[in-house]
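Listed below, chain by chain, are the residues.
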Amino acid sequence: MIVNCAGRWINEVVRESGLHLPLASTVGFLVFTPPVASGLNRVVRTSVIDARPDGAGRLVLHWNPTDEGLSFDSPLSPSMPEARDMVRRARLLLPSIGEVEPEAVRIAIRPIPGDRLSAVGPVPRVSGYYLAMTHSGVTMSPYLGQLVADELVRGQPRPELAEFRPARFFN
């Protein structure tokens, strides 16, 4: 069994085979703080900002509405207004981080299947090939890992995955 969970590179793994999953890749703008006193030790999604720890006391910040105003070729700088706004939003959630400035920014390509829903399951007409792709990997991977293990190791099809089967792309 081959499990392709290569994120935005999912089609690169099978370049020659014609088993391409249609993608709706989008911009994901990430802001990194310097080391801060946040006490944050897990992913947090709020109505103000999304944040997660990034090691050495740093935070990674993301905010979906900010993505919409940027493109893959947007000029990037930690001092850009979008980055400063995201740190300001993080202070609303975590006042303990203080008056820090963004340390770094990146544009990520978010791996999103063409219909914007996760794609998890076997590919029809191809024996031994299983896809697992979602744009919510940071938050969903522990749960999806358990579901995939149930299906592949224990042979127990998971009904929770019924509407997310990749077959919808390969009919």
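Structure: see above.
Residues numbered from 1 in each chain as written. Predicted model: local features only at pLDDT ≥ 70, side-chain atom pairs only at ≥ 80, totals over all residues. Heavy atoms only, no water.

A.B. asks: How do you make sense of the overall build of the protein when you look at a structure like this?
C.D. replies: Regarding its fold elements, the protein presents three helices and eight strands. The order of helices and strands in the protein, counted from the N terminus, is β-β-β-β-β-α-α-β-β-β-α. With respect to the principal axes defined by its C-alpha atoms, the protein has extents near 55 × 35 × 25 Å. Here the protein, with 171 residues, has 37% of them falling under the buried criterion. Across the protein, the fraction of contacts at a sequence separation of at least 24, relative to all contacts at a separation of at least 6, is 63%. With an accessible surface of roughly 9,300 Å², the protein has 55% of that area assigned to carbon and sulfur atoms. Charge centroids of the protein, computed over 18 positive and 17 negative side chains, lie 3 Å from each other. (Helix = DSSP H or I, 4+ residues; strand = E, 2+ residues; numbered from the N terminus. Buried < 20%, exposed > 50% of the residue type's maximum accessible area, 1.4 Å probe, protein only. Contact = heavy atoms within 4.5 Å. Areas by Shrake-Rupley, 256 points an atom, 1.4 Å probe, with all protein chains shown as cover. Lys, Arg positive; Asp, Glu negative; His and termini not counted. Charge placed at Lys NZ, Arg CZ, Asp CG, Glu CD.)

A.B. asks: Would you explain the sheet that holds strand 8 (residues 129–133) in this entry?
C.D. replies: Hydrogen bonds between backbone atoms are what pair the strands of a sheet, whose relative direction is either parallel or antiparallel. Read from one edge to the other, the open sheet built from three strands follows the order 1-8-7, with strand pairing classed as mixed. The open sheet has two edge strands, strand 1 (2–4) and strand 7 (119–122), and neither has a second partner. Averaged over all neighbouring strand pairs, the angle between strand axes comes to 20 degrees, with direction disregarded. Pairing of strand 1 with strand 8, which is carried by three bridges, proceeds in the parallel orientation. Within strand 8, the residue paired with I2 across the bridge is Y129. (Pairing = 2+ DSSP bridges. Axes fitted to C-alpha atoms, helices over the stretch in contact; angles between N-to-C directions.)

A.B. asks: Would you take a moment to explain the packing of aromatic side chains for this structure?
C.D. replies: Each aromatic ring pair is characterised by the separation of its centres together with the angle its planes make. Taken as a whole, this structure holds zero aromatic pairs when the rule is applied. Lying over the aromatic face of F32, R106 brings its terminal NZ or CZ to 4.3 Å of the ring centre. (Phe/Tyr/Trp six-rings, centres within 6.5 Å; stacked < 30°, edge-to-face > 60°. Lys NZ or Arg CZ within 6 Å of the ring centre and 35° of its normal.)

A.B. asks: Sorry if this is basic, but what is going on with the pairing of strand 7 here?
C.D. replies: Regular strands show a simple pattern: their side chains alternate between the two faces of the sheet. Across four bridges, strand 7 lies against strand 8 in antiparallel orientation. Along strand 8, the bridge assignment pairs P122 with Y130. Hairpin geometry of strand 7 and strand 8 is characterised by an intervening segment of six residues between the two adjacent antiparallel strands and by a positive phi of about 65 degrees at R125.

A.B. asks: Hey, could you run me through the nonpolar core in this one?
C.D. replies: In this structure, F29, V31, L59, L61, M86 and I97 are the most contacted members of the largest nonpolar core, which totals 20 residues. Secondary-structure elements contributing two or more residues to this core are strand 2 (26–32), strand 5 (59–62) and helix 2 (81–93). At four residues, helix 2 tops the list of elements feeding residues into this core. Residue contacts for L61: discarding those within four places in its chain leaves F29, L30, V31, T33, I49, D50, A51, M86, V87 and A90. (Core = buried A, V, L, I, M, F, W, Y, C linked by side-chain atoms within 4.5 Å.)

A.B. asks: So what exactly am I meant to see when it comes to unusual backbone geometry here?
C.D. replies: Leaving glycine aside, a negative phi is the common case for residues, and trans is the common case for peptide bonds. Positive phi outside glycine occurs at A56, with the angle close to 55 degrees. The topology assignment puts A56 in the loop between strand 4 (50–53) and strand 5. On the accessibility criterion, A56 (62% relative accessible area) is exposed. Although it is not a glycine, R125 sits at a positive phi angle of roughly 65 degrees. Here R125 is to be found in the loop between strand 7 and strand 8.

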